[in-house]
Structures are given as C-alpha cells and as structure tokens.
Amino acid sequence: MDKIALQLKKLAIEYRLRPIRVMVVKDYGTITIDGVEYTLSKGAEIEVPRWLADVLEEMGVANPIERGLDIEDITRVHFSTLNARTPAELEPLPRDFYLEALRYIERLSARIKKEFNASLLEEQQKAVRYLLEIIDRRLTLILQSIRSPTSIAEISSKLSPEELVLLNSLKESLEMWQKFLSPRLVSP
Amino acid sequence: METLRLDVEEVIDARERFYEFIRSFRDRNGNYKYRERLRQMITMGQRSLLIDYNDLYLFDTKLARLLVEKPDEVLRQASEALKDLVQAESPEYVEGKRFYVRIRALPKITPLRSLRGEHIGKLVMLEGILVRTTPVKEKIVKAMYMHCSREQGCHEFIWPPEGEIVGDMLEKPPVCPICGSSSGAFRLLPEKSELIDWQKIVLQERPEEVPPGQLPRSIEVVLHDDLVDVARPGDRVTIVGIVRVQPDSLSKKKAIYDMFVDAIHVEVSQKILEEVVITREDEERIKALARDPWVRKKIIASIAPAIYGLWDIKEAIALALFGGVPKITPDGVRIRGDIHVLIVGDPGTAKSQLLQYAARIAPRGIYTTGKGATAAGLTAAVIRDKTTGEYYLEAGALVLADGGVAAIDEIDKMRDEDRVAIHEAMEQQTVSIAKAGIIAKLNARTTVIAAGNPKFGRYLTNRTLADNINLPVTILSRFDLIFILKDEPKPEEDRRLAQHVLEVHRESEKVKPEIEPELLKKYISYARRYIRPRLTPEAAKLIEDFYVEMRRMSTESSEGAITITARQLEALIRLAEAHAKMALKNEVTVEDAEAAIRLMKTFLESAGLDIESGRIDIDVIMTGKPRSKQEKLTRIMEIIESLENESPEGCARLKEILRRAAAEGIESRIVEEALRGFRRDGLVYEKSVGCYAVVR
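I will try to describe carefully the structure that is included in this document.

What counts and how
- Residues numbered from 1 in each chain as written.
- Chains lettered and ligands numbered in written order.
- Predicted model: local features only at pLDDT ≥ 70, side-chain atom pairs only at ≥ 80, totals over all residues.
- Heavy atoms only, no water.
- Helix = DSSP H or I, 4+ residues; strand = E, 2+ residues; numbered from the N terminus.
- Buried < 20%, exposed > 50% of the residue type's maximum accessible area, 1.4 Å probe, protein only.
- Contact = heavy atoms within 4.5 Å.
- Areas by Shrake-Rupley, 256 points an atom, 1.4 Å probe, with all protein chains shown as cover.
- Axes fitted to C-alpha atoms, helices over the stretch in contact; angles between N-to-C directions.
- Parallel < 35°, antiparallel > 145°, perpendicular 65-115°, else oblique.
- Nonpolar A, V, L, I, M, F, W, Y, C, P; charged D, E, K, R; others polar.
- Buried area = accessible area lost by both parts, 1.4 Å probe.
- Salt bridge = Lys/Arg side-chain N within 4 Å of Asp/Glu carboxyl O.
- Polar contact = N/O pair within 3.5 Å; in protein donor to acceptor, adjacent residues only side chain to side chain.
- Expected span 1.5 Å × (residues − 1).
- Patch = residues over 30% accessible without salt bridge, like charges linked within 9 Å, V, L, I, M, F, W, Y side chains within 5 Å.
- Pairing = 2+ DSSP bridges.
- Core = buried A, V, L, I, M, F, W, Y, C linked by side-chain atoms within 4.5 Å.

1. Details of the overall build of chain B
For chain B, the helix and strand inventory stands at 23 helices and 28 strands. Put simply, chain B has 696 residues, and 51% of those count as buried. A fraction of 68% describes how many contacts in chain B between residues 6 or more apart in sequence connect residues 24 or more apart. With the model as given, the accessible surface of chain B reaches about 33,300 Å², and the carbon-plus-sulfur share is 52%.

Encoded structure:
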C-alpha cells in the first residue's frame, strides 16, 4: 500500500514540476529558482513549472495561458467512459486527467467559499459526481481485465499513469497469491 | 403526458425536461443561455434552436443519453417543447411554422468507416468532406388529398394526421378521414401540400483518414429545411444526424439496405488545418526545431531524402508547402499566398517520387494525376447518378485539397474541361461551374505542385519551354516557379548518383530524413496556421531593387525582352514570406528576400531563357514566344502586307517573302513556321498556290 501511495505522490510531484506557459502581467524583475533564471517583465510569455505558475498567479504577477481542464472536458470523458461496456471500448484519458480534475474541483471550491454562487456550486457537485462515476466505471473495467493477460494488454495502453500504478500492483499481488496457493508439482 | 423508457426502472418525460432545460439552463456566468437564444431565434426569424450537447448532458445526463439512443422520439418532443416556448414568448410567430431543436458537438465523433448496424436509429456525429450535392428540391411533409366518391362528392383533407409527417415514401391514405370510405379516387394536391426544402449530399472520409491502400468511404446525408445549402462541395463539415436505412438502389434484393444520415445539424469547419493535431509536446518539439539555425536546410534535406540532389527543386517544394501569406485587401480582393511549382522533366528524373513525398508531408495533401481518377477530375463537375438519375455537383482534387496542397502528376495530360477551369483555380482560387441547372462557385485555395513530361519524350534544349510541354502558356504563366529537369550524362555527377542509389538499396537506414515526416507535417501545419510574417522595410527594398533592376535590363537589351513582370514580383514576395515561415519567423528579413531572389533567378535562367538570344525573357513563359521572336513575326507580317500591296495579283509570293526576310536576317525556317502559325490562327490565307494574303 505504501508503495502505491509513494508512486501516486511521485506522479503528483512530476505534474507540479511540469512546465506551463504563463503571461506576465506585472513587472517583477528576475528570479532564480534551482539555478534557472526567470525574467518577469510585463507582456512576456514564459514557461515556468506549474507550482511556480500557481505562486505567480496568486501574487498577481502572471496568468496561465493554457486553458485548464473544466466541466466540459469532464463531461466528455464521462460520456465516453460510461459508454464503454468492455475493456476494449475504454478510451484513453486526456493527459493528467485525474490531477487536473482534482485541481479544477479544488479551485471551484475555493471560489465558492469566496463568492457564493448557486451555479458554481451546482457545477462543482456535478464535476465531483462525474469524476466519481468515471473512477468507478474505469475501476470496474480494470478489475474485469485483471484475470486475463490479453485483456491486460488491451487495457494497459488506455490507462492513465495513476491507473497503471494500481493495475501493476494488483497484477503483482495476484501473481504472488496464485503462486502461493497453486499446487506445486514434484518432478519425477 | 407522453413518456419515454430509458431502461426498466426509469421513465423520462422528454417534452417536459426539454421545456425545463430551455427555460432554466444557466451558463457559468449565470445567464439563461437558451432563453436568450430563443429570443434571438424569434428576432432573426429563424426556426431552429441550436443546443450544445454538453449543456444538455450537464442539465440532465439521462435525457442526453436518451437523445443519443432514441433521437427521433426525443427530438420530436423537444420540438414540441420549443414550439410551446415560442408560443409563450411570441404567439403570432408560431403561426403555421415548424420548429427544430438542433444538437451540436456530441462528445464523440463516430468515424465514417466504423458506421455499423448498431448505429441505426441513433444519433451520431460524423466528420468528413462534402463531395457532392444535389440541387435543392421540395419534399412533402403534409400532403393535401382530394377524395371524390359518388356518394359523398369531393372533399379535401390533410394526410398524415396531426403529429405525424410523411416519411421517405408518400403512401395513399387507406381510408378517407372525413367520410371514412376507402372507395372512390384519392388525388394528391402538391401545390396545396406543405413542402420543405430537401437536399441530398455525399459526405466522404477526409483523405488523411483513409488507411493506405483503401478506398475512401462515403455516406449520403439528407438535409431538410434550413440546413440545405449551408455547405458547398469541398467544405470540411461536422454533421450530427440520425443513421437510417433505405433499400439498396443497386440490387433488387429487398433485404439489402443502404445506410444514410438524416442530418440534425451541419457545421462547416472554420479552422485551418485543424485535422493535424498538435499537442503541447509537439509544440515544444516544433519550437525547439525552429530554434536550430540550420532548420531550413534540415527541412529541405528531409524532402524525399532517397532522391539524390535536386536541391533547388526540393527547396521550391519546401517553400510551396509552407506558402506565403494570403491577403485580403479592404476592397475584398484576395491575393493568394499559395506558391505554385511546376517541374518539367525527362522520364526517370524522380518527378513523381518528389510529388508523392510532397503530398505525404503536406497537411491536407492530395496526390493525383492530370487524368484524374474521378469524373470530377481536378476541378469540379456536374455528374449524373446512374441509378437515381439525379444530378450532383462533385468536387475535384483542387477543391478537396482546399487549404492544402495538390500534387498533380502528368499535368500535361489533364482533361480539356480541367484545362479551362484550372486557370481560375490557380489564380482566383475558386472553381466556378454552371451546368445542368447547377451554378456554383467552390473554394480551391490550394497550392499546386505539378509535374509534366516533355511533349517530344525528352526536353529539347533548342526549343522554348512552351514548345516543350503540352500546356497552354496561360497555365504556365500561373506557376511561380518552373524547373526543368534534363537527363544529361555527366560522368562525375552520374557516379555520385549511382553511389547514392546503391546506398539506398544497400542500407536504407542511411537515408533517414533529418526530420521525421510526421513531425515535419506538424511543423508545416503549425507554420501555416499560426505564422504570418510581415515584410521588413529592408527586405521590401531588396525585392524592389531587384525588380527595378531586372526591368531596367529590359530597356537596355537590343530586343527589348521583358525579364520580369508584376506576377513574378508577387511570387518573390510569397517566396520570401514562405522562407521566413520555414523558420517560424514573424518577419521577412533580407536573408529571406535574398533566398527568394536566388530561387527566382534559377527559375528564370532555366525556364525563361530565350534560346535564340541567350537572354532571360519572361515572355517565353507568359506568351510562349520570346520578344526576339515576336518581333520577327511582326516583321514577317509587315513584309507580307507590303508585298501584297505591291503585287498585281494581291498576294505575297513565298519566294519573295523568303528573300525579303533573309535580307533582314530572318531565317527561312522561322518564316515557314510563322506562315504555318498565321494560317492556323486565321491571320493569313493562301490566295493561290504559294501566294499569301492577309485576312481583313
């Protein structure tokens, strides 16, 4: 279990370190992080790690250029995931889907706390519900495929890194379990 | 109240839910999105309400799913809900109108190739190119019948009854709903019936989606009412519709059915080259590549690396793939950005391979031959469907490659109809057609990279370009760059070529392109989509100076041959822009202008050379005759005229013409050739044997 948690944490860190593009909206001079210099001059479009982008956004120095995941993307994934009846019909998730979805929900929650807005609350509830349903259906299909090597091969290319962590761990446990309980034949 | 079963447990009242959705759906900003749209629809006098599927899904997931599963019933009820809402909003607007709920942007695109029986009766979203359209026709939705019987006399009634509409077949009512009798005569009154616009189109898979070696799949789509004529052949469209079946028109076996789509919504793609997906990682790779100072050389070297040499031609192809910047002047005149390239060459000089490679790496690239594979050929045609007898407007290669590149091999062998239409396609970038009652103007904003064989089997250096290829000069002059590939034995060059070819056969890995074709395609697509370089004053000055200098040379030469025209000036600008685009630069610098000038000079020195004077003369391409020859022809005509006036028989004797021409240094070969030409063009006639007179 610790191993799964550690791997998931690693994925989350990698996500936070991945560069994204931001538009600098306020002159802030030059900053150096880990030996990398970032010149923050108004109007410039630069690439910074995601965590730094968040900090700069909070400080009002820069805004991310790329549109993050939103309810429409979650809806699209929900539609295709719930349509999948077999592992073969499952579709790959967009990159960083789970982490992006969680981030989106967190941001919505923060906004709701600040400004109470009924439609935002409804959007947040829907996003949570859809995300749980997506997880549930994908988990069912992963569990369905775990018993056959062909299904594992079919499904693994469509899984997100987080799901692969689970699949590999389940596979290992299953193999160990089978090995332990299978009758051992004595060679003549 | 009517209800629909989604599954065993759940029952949905679609009409009520749609009513609620349109009335109460709020977007993220808290606006009543569909209430607004409804008002707008009434104000604009429209009858369709466009609904984003995603919004419906967010509002009621089950209803949205039911819409995909049972679209006929759900949409019927949705239309009724819409009518109720219009009634409440503007009662007078409802009078006798039919309202439609149109659904756009389903979350999933169904590939045309994977349409199967399981999709019948379901709502799908398809993408493809519209290749054919019929003219708009009228379809009866409510028929007016007159029933006459001996007992009851004659009376009129509407069929089918309230709530139903006529399907694909118009069936006679079994009994008269007024008198209840089935006897007597039922007569259809078309002019009193309710009719709606109807059009059939054919949607074809996009060329880039067709698996190698397979035929593109297509499907018929039926458009009704306000959907007719929203798209033209050649347009890339996204269609949301219901899959239906109709009896197979070819076989008489009644159990075989064809699929077709009954369109609910048609959206014409606005974005350029959106079919090439560029991910964030791709963008990073593209930008990293653009930072390489050798990027242009790498791109050129990546074009058909298996073909030895031909650097200038490869550079020209690369520039054509990137293209210049199209401009639209404030008065609406469109100046093309596409660079057209022609390669004329001896057999076995790898022309076709170059073209095939160009089509492969070009976004929206189509490879075809002059003869064309379809009835529509290169441009467009009106064709008649053999089975139904209907007339269709079908798009040809240049229209299908709109926004991309058409690689046309054997262009000299194209059909006569295309020969006429290609003029317009290459300069105005449209294809106009008026045949069989179909009048249309289709977009053909396509870059043409063409190749042709010399008329006499091999390129004859002692003849002009126009003499060497079976293409009218009017088409030749539309090419920005023309290259001549002569297969001449040169021992050293031949050895290098042989070594290269042997190397390719021995170790094919060694000819790996510098840039992977897939990445190059994305790079080109990115440049065409986002890069719009502007001429810097320095670059503009250089091009201007070159143009003026070339024109000055014309005035200095004794023959007064014109070396360059405004057409080449525009080509120079396009080439310079394309050169800048190749490195994803937003400015056209002196370096770009120099490259364009160098390439233009190469072209002029090979294709635009007057073989007699040895000087550059653009008239070789623009008129097919160099200025030196044109002057000789004028002089010959003058000789004929003066001899005709002097002679008592009223005509000029050949012997005398030859003598006078020789005195002015014109060879007899040219005189004989000129006379043949004059007679062919109807300028001169043979009054008596060996005696010529001018036609007046």
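2. Topic: the overall build of chain A
Regarding its fold elements, chain A presents 7 helices and 5 strands. Reading the secondary structure of chain A in the N-to-C direction produces α-β-β-β-β-α-β-α-α-α-α-α. For chain A, the residues scored as buried account for 37% of the 188 residues in total. Long-range pairs, those at least 24 residues apart, make up 64% of the contacts in chain A between residues at least 6 apart in sequence.

3. Considerations on the packing of helix α4 (residues 61-69) of chain B against helix α5 (residues 71-89) of chain B
All names here are of chain B. It is the contact of α4 with α5, at a shortest axis distance of 6 Å, that shows an interaxial angle of 120 degrees. Our classification of the angle between α4 and α5 gives oblique. Here L63, L66, L67, V68 and E69 of α4 come into contact with α5, specifically with P71, V74 and L75. Split by residue class, the contact of α4 with α5 holds 7 nonpolar, no polar and 1 charged.

4. Describing the interface of chain A and chain B
Listed as interface residues are 22 residues of chain A and, on the opposing side, 18 residues of chain B. Both faces considered, chain A and chain B share a buried interface measuring about 1,800 Å² in area, 45% of it formed by carbon and sulfur atoms. When the buried surface of chain A facing chain B is broken down by residue, R21, T75 and F79 of chain A rank first, second and third, together holding 28% of it. Here chain A is connected to chain B by 2 salt bridges. Two residues, R21 of chain A and E283 of chain B, come together in a salt bridge whose shortest N-O distance is 3.2 Å. Across the contact surface, chain A and chain B share 8 residue pairs in polar contact (both at pLDDT 80 or more). Going through the elements one at a time, β1 (19-24), α3 (71-83) and α5 (118-145) of chain A are the ones with two or more residues in the side of chain A that touches chain B. Among the elements that make up the side of chain A that touches chain B, the one with the highest residue count is α3 of chain A (8 residues).

5. Regarding the pattern of salt bridges
Residues and elements named next belong to chain B. Under the defined criterion, the tally for this structure stands at 65 salt bridges over all chains. A salt bridge links R244 to D262; its shortest N-O distance comes to 2.9 Å. Linking R244 in strand β11 (residues 236-247) with D262 in strand β12 (residues 257-268), this pair joins segments that are 18 residues apart in sequence.

6. Focus on α5 of chain B
In an α-helix, one turn spans 3.6 residues, which is why side chains three or four residues apart end up on the same side. With 19 residues, α5 of chain B extends 26 Å between its outermost C-alpha atoms, agreeing within 8% with the 27 Å of an ideal straight helix rising 1.5 Å per residue. Looking only at α5 of chain B, the buried set comprises P71, V74, L75, Q77, A78, S79, A81, L82, L85 and V86 of chain B.

7. Focus: unusual backbone geometry
In most cases, non-glycine residues show a negative phi, while peptide bonds are predominantly trans. Residue D34 of chain A is not a glycine yet carries a positive backbone phi of 55 degrees. Here D34 of chain A is to be found in the loop between β2 (29-33) and β3 (36-40). Exposure remark for D34 of chain A: the relative accessible area of 79% places this residue in the exposed category. Of note, A105 of chain B is a non-glycine position whose phi angle comes to about 55 degrees, a positive value. If you trace the backbone, A105 of chain B turns up in the loop between β4 (100-104) and β5 (123-133).

8. With respect to a nonpolar patch on the surface
A contiguous nonpolar patch, built from L174, W177, F180 and L181 of chain A and spanning about 480 Å² of accessible area, is present on the exposed surface. With respect to the helices and strands, F180 of chain A occurs in helix α7 (residues 161-181).

9. So, the pairing of strand β9 (residues 194-204) of chain B
Residue and element names in this part refer to chain B. In this sheet, β9 lies alongside β5 in antiparallel orientation, the contact comprising 4 bridges. Looking at the pairing, I129 lines up with Q204 of β9. Alignment of strand β6 (residues 137-149) against β9, held across 5 bridges, turns out to be antiparallel. Its bridge partner lying in β9, K139 is registered against I196. Strand direction decides the pairing type here: β9 and strand β10 (residues 218-224), joined by 7 bridges, are antiparallel. Note that in β10 the partner of K200 across the bridge is V222.

10. A few points about the sheet that holds strand β28 (residues 691-694) of chain B
Residue and element names in this part refer to chain B. The strand order across the open sheet built from 3 strands is β26-β28-β27, with neighbouring strands paired in antiparallel fashion. Of all strands in the sheet, those bounded by a partner on one side alone are β26 (652-653) and β27 (684-688). Relative to β28, β27 is paired through 4 bridges, and the arrangement is antiparallel. What sits directly across from V684, in β28, is V694. The strands touched by helix α23 (residues 668-680) within the sheet are β27 and β28, with β27 carrying the most contacts at an inclination of about 100 degrees.

11. Some details on helix α16 (residues 517-530) of chain B
All names here are of chain B. Under the 1.5 Å per step criterion, the end-to-end length of α16 is 20 Å for 14 residues, consistent within 8% with the ideal 20 Å. In terms of residue burial, α16 counts as a mostly covered element, since 12 of its 14 residues are buried. Where α16 is concerned, the buried positions are P517, L519, L520, K521, K522, Y523, I524, S525, Y526, A527, R528 and R529.

12. Quick look at the nonpolar core
Core analysis: the largest hydrophobic core is formed by 108 residues, its most contacted members being I299, I317, L321, L342, I411, F479 and Y523 of chain B. Residue contributions to this core peak at 8 residues, all from helix α9 (residues 311-322) of chain B. When near neighbours in sequence (up to four residues on either side) are disregarded, L321 of chain B contacts I303, A358, I361, A362, V405, I449, I524 and R528 of chain B. F79 and F97 of chain A together with I12 and I242 of chain B belong to the second largest nonpolar core, which has 58 residues in total.

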